[in-house]
Amino acid sequence: MIAVDNLSFAYKKTLLYQNFNLRLSEPGVYGVFGRNGSGKSTLLKLLAGLLFPRQGRIDAIGFAPRDRHPDFLSRVYIVPEEFHLPDLSATKLAQTQSGFYPAFSAKAFADYLEIFELSASQTFGEMSLGQKKKAAIAFALATFTPVLLLDEPTNGLDILGRDQFKNIVARPEQRERLILISTHQAHDLERIMSHILFIDSATLALSATMPELSAALTMGVAQNAGDLAAVADVIYHEAMGQQFAYVAANRTGTAGAVHLELLYKALSLNKAGVLAALQAADKEVAHV
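Residues numbered from 1 in each chain as written. Predicted model: local features only at pLDDT ≥ 70, side-chain atom pairs only at ≥ 80, totals over all residues. Heavy atoms only, no water.

(A) How the structure looks around the environment of Arg191. Checked against the element boundaries, Arg191 lands in the loop between α7 (186–189) and β8 (195–200). Setting aside residues no more than four positions away along its own chain, Arg191 makes contact with Lys166 and Asn167. Of the polar contacts made by the side chain of Arg191, one reaches the side chain of Asn167; its length is 3.3 Å. (Helix = DSSP H or I, 4+ residues; strand = E, 2+ residues; numbered from the N terminus. Contact = heavy atoms within 4.5 Å. Polar contact = N/O pair within 3.5 Å; in protein donor to acceptor, adjacent residues only side chain to side chain.)

Printed below as a string of structure tokens:
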């Protein structure tokens, strides 16, 4: 559905991507992680055709995004982290914008507004920042474009709003879409992620499914330093009072839970260790 080959992109002299390659072939919820300034938001804008690569090729559902073909624009939707909406109601937004998206569902939009506890008649000028974001996300989810790009969608949402967002994304009608989410809120979204992408040093450092990660890594909490020392192949650890949270290579053969916040820290501080564990797990599967 998305193919990126030898992408290079820079803002003036600030290089963000160099020989960047990416393949996303299946529907699912893909999480894009990386440190500040790594280019997560830029990647989404490149895929949406809002920015153009310096070199390389991008193919999104059979189109070159930079061409901005009408058929492409009707099948890809992006919600940036910061946006400005005219002072319309949600009802008026649907009336004026839904025609650009052939798969838009007025019923789904109404359902999502209800889940987000929003009034369809309330104007954006009357809404808080969090409510505006909920309305924008509700419309985006109701377009049912094959590709949906969300940049930090849970920023500005309260705890209940984050749960509402996750519940909608997890609904059956969303499963045939490729949803690409750029976020720092790892813990908030790990329940709905199917695939993790980690950008580092202008390249794609990691692309792995959640089952691959759970087979290759084990994550947990050791009660004290002695218990931590007994854990084999520790890749990353951090103190939590007297306890220690850790990421280690999985030698048990049993899949465990993936905690994305811990994984993010392990990738940031010991990327080589994480990649080595994934490579070793892949070789074991191939051997079997």
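(B) Up close: unusual backbone geometry. We note that Glu117 has phi near 60°; this positive angle belongs to a residue other than glycine. Tracing the backbone shows Glu117 in the loop between α4 (106–115) and α5 (129–143). With a phi close to 55°, Phe144 is a non-glycine residue in the positive phi region.

(C) Structural detail: the packing of aromatic side chains. Under the criterion given, the structure shown has 11 aromatic pairs. An aromatic cluster of three or more residues is present, and its members are Tyr77, Tyr101, Phe104, Phe109 and Phe139. (Phe/Tyr/Trp six-rings, centres within 6.5 Å; stacked < 30°, edge-to-face > 60°.)

(D) The pairing of strand β9 (residues 203–209), seen in detail. Bridging between β8 and β9 involves six bridges; their strand directions are antiparallel. Paired with Asp200 across the bridge in β9 is Thr203. Between β8 and β9, which pair antiparallel and follow one another directly, the connecting turn spans two residues, one of which, Ser201, has a positive phi of 55°. (Pairing = 2+ DSSP bridges.)

(E) Quick look at the packing of α5 against helix α6 (residues 159–169). It is at 12 Å that the axes of α5 and α6 come closest, and there the two elements cross at 0°. Taken together, the axis directions place α5 and α6 in an arrangement best described as roughly parallel. Along the contact surface, α5 presents Lys134, Ile137 and Leu141, while α6 presents Gly161, Gln164, Phe165, Ile168 and Val169. Of the residues contributing to the contact of α5 with α6, the split by class is five nonpolar, two polar and one charged. (Axes fitted to C-alpha atoms, helices over the stretch in contact; angles between N-to-C directions. Parallel < 35°, antiparallel > 145°, perpendicular 65-115°, else oblique. Nonpolar A, V, L, I, M, F, W, Y, C, P; charged D, E, K, R; others polar.)

(F) Spotlight on empty space enclosed by the protein. Here the structure, examined in full by the defined rule, presents one cavity of 30 Å³ or more. Each pocket or cavity is described by its volume, and for the largest cavity that value is around 40 Å³. Taken together, Phe33, Ile196, Phe198, Leu260, Leu263, Tyr264 and Leu267 make up the full set of residues lining the largest cavity. For the lining of the largest cavity, the secondary structure elements donating two or more residues are β8 and α10 (260–269). (1 Å grid on protein atoms, 1.4 Å probe; cavity = no way out; pocket = protein on both sides within 12 Å on 5 of 7 lines; lining within 4 Å. Points joined across faces, edges and corners; volume = space filled by probe spheres on them.)

(G) Representation of the layout of surface pockets in the model. Quantified by volume, the largest pocket comes out at close to 500 Å³. Taken together, 23 residues line the largest pocket, and the ones lying closest to its centre are Tyr77, Ile78, Gln97, Tyr101 and Phe139. Taken together, the elements giving at least two residues each to the lining of the largest pocket come down to α2 (70–73), β5 (76–79), α3 (90–97) and α5. Of the residues forming the lining of the largest pocket, the biggest block, four residues, is contributed by β5. Residue composition of the lining of the largest pocket, grouped by class: 19 nonpolar, three polar and one charged.

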